[in-house]
Amino acid sequence: MIDLKGKAALVTGAAHGIGEAIANLFEEAGARVLRVDIESNDEDWNCRADVRSAEQAGNAVRLLVQKAGAIDVLVNNAAWMGPGHALLEAGDEEWRSAFEVNLLGARNFARAALGFMLPRQHGSIINIASVQAIAAARDSAAYSTTKAGLIGFTRSIAYDYGPQGIRANVICPGAIRTRVSPPEGSELHARQISKTFLGRIGSPADVAYAALYLASDVSAYITGAVLAVDGGWSAQ
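Report on the accompanying structure.

Rules used throughout
- Residues numbered from 1 in each chain as written.
- Predicted model: local features only at pLDDT ≥ 70, side-chain atom pairs only at ≥ 80, totals over all residues.
- Heavy atoms only, no water.
- Helix = DSSP H or I, 4+ residues; strand = E, 2+ residues; numbered from the N terminus.
- Rg over C-alpha atoms; globule rule 2.2 N^0.38 Å.
- Buried < 20%, exposed > 50% of the residue type's maximum accessible area, 1.4 Å probe, protein only.
- Contact = heavy atoms within 4.5 Å.
- Areas by Shrake-Rupley, 256 points an atom, 1.4 Å probe, with all protein chains shown as cover.
- Phe/Tyr/Trp six-rings, centres within 6.5 Å; stacked < 30°, edge-to-face > 60°.
- Lys NZ or Arg CZ within 6 Å of the ring centre and 35° of its normal.
- Salt bridge = Lys/Arg side-chain N within 4 Å of Asp/Glu carboxyl O.
- Pairing = 2+ DSSP bridges.
- Axes fitted to C-alpha atoms, helices over the stretch in contact; angles between N-to-C directions.

1. Considerations on the overall build of the protein chain
Assigned secondary structure in the protein chain consists of six helices and seven strands. Here the C-alpha radius of gyration of the protein chain, 17 Å, is about what a compact globule of 236 residues would show, namely 18 Å. Principal-axis analysis of the C-alpha atoms places the extent of the protein chain at approximately 50 × 40 × 35 Å. Taken across its 236 residues, the protein chain has 49% of its residues classed as buried. Pairs at least 24 apart in sequence give 71% of the contacts found in the protein chain among residues at least 6 apart. With an accessible surface of roughly 10,900 Å², the protein chain has 52% of that area assigned to carbon and sulfur atoms.

2. Concerning the packing of aromatic side chains
With the rule as written, the count across this model stands at zero aromatic pairs. Taking the ring centre of Trp-45 as reference, the NZ or CZ of Lys-67 above it sits at 5.0 Å.

3. So, the side chain of Lys-7
Within the secondary structure layout, Lys-7 lies in the segment before strand E1 (8–12). Look at Lys-7 and you get buried, because its relative accessible area is 9%. Excluding its chain neighbours within four sequence positions, the residues that come into contact with Lys-7 are Ala-31, Arg-32, Asp-72, Val-73, His-122, Ala-215 and Asp-217.

4. Observations regarding the pattern of salt bridges
One pass over the full model with this rule turns up seven salt bridges. As a salt-bridge pair, Arg-35 and Glu-27 come within 3.0 Å of each other at their nearest N and O atoms. Take Arg-35: its relative accessible area is 13%, and that puts it in the buried class. Judged by its relative accessible area of 35%, Glu-27 falls in the partly exposed class. The residue Asp-50 makes a salt bridge to Arg-52 at a minimum N-O spacing of 2.7 Å.

5. Quick look at the sheet that holds strand E7 (residues 226–229)
Read across the open sheet, the seven strands follow the order E3-E2-E1-E4-E5-E6-E7; overall the sheet is parallel. Among the strands making up the open sheet, the edge pair consists of strand E3 (46–48) and E7. When strand polarity is set aside, the average angle formed by the axes of neighbouring strands in this sheet is 20°. Relative to E7, strand E6 (residues 166–173) runs parallel, the two sharing four bridges. In the sheet register, Ile-171 faces E7, and the bridge partner there is Leu-227. Contacts from helix H4 (residues 141–161) reach strand E5 (123–128), E6 and E7, with the element oriented near 160° to E6.

Nothing here speaks to function; it is all geometry.
In structure tokens form, the structure reads like this:
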């Protein structure tokens with residue numbers, strides 16, 4: 001198994017689903033992990049924070065540094081995915097929520113983390129986007145736009161800070177079984193399966209193992225990459 005011993009990681013949106021799976025796997029691999037979520041408490045290695053707040057993001061990163069002495073890995077997983085709409089039906093609040101959580105949230109944590117990563121000339125930033133960042137989806141103007149924006153954001157970090165030892169990569173999950181997934185047997189569930197080559201929905205662990213690889217030194221020469229974990233959806 002890939003080893004993260006000696007590394008300190010922060011995972012946002014870590015109370016459920018993909019974020020929880022990533023945090024669990026990182027811990028199994030030996031990392032010290034601060035789990036950040038708006039639904040978390042502030043006990044042990046948990047931190048309650050709203051990613052929309054730059055102040056709370058900075059406090060969470062400093063908390064990890066206080067506990068572990070450093071931040072080696074940042075996983076921006078927290079996301080807003082409310083009921084989606086096409087452009088003409090998507091209201092200002094939908095756009096604002098998607099932008100503030102999906103993009104500004106990642107900005108807030110990446111900016112805070114870089115303040116500690118750059119002096120050490122070392123760090124891996126992993127942003128969790130979506131297959132909808134690279135393949136069209138209906139009724140998803142705000143969500144898809146902000147998730148696609150994460151790709152440009154990540155590549156900017158990779159380009160600007162690569163010479164200082166910072167790597168940044170994007171994972172684009174496809175249909176993954178989480179608490180917000182459509183019910184099995186529903187029309188949407190069947191449509192999601194039909195878009196994959198493998199004929200099934202993925203699990204949070206599928207995304208977690210991709211994140212583990214990008215967090216580790218095994219991927220030391222990989223930066224600015226977009227890794228689809230989607231059963232082939234984006235290859236159609």
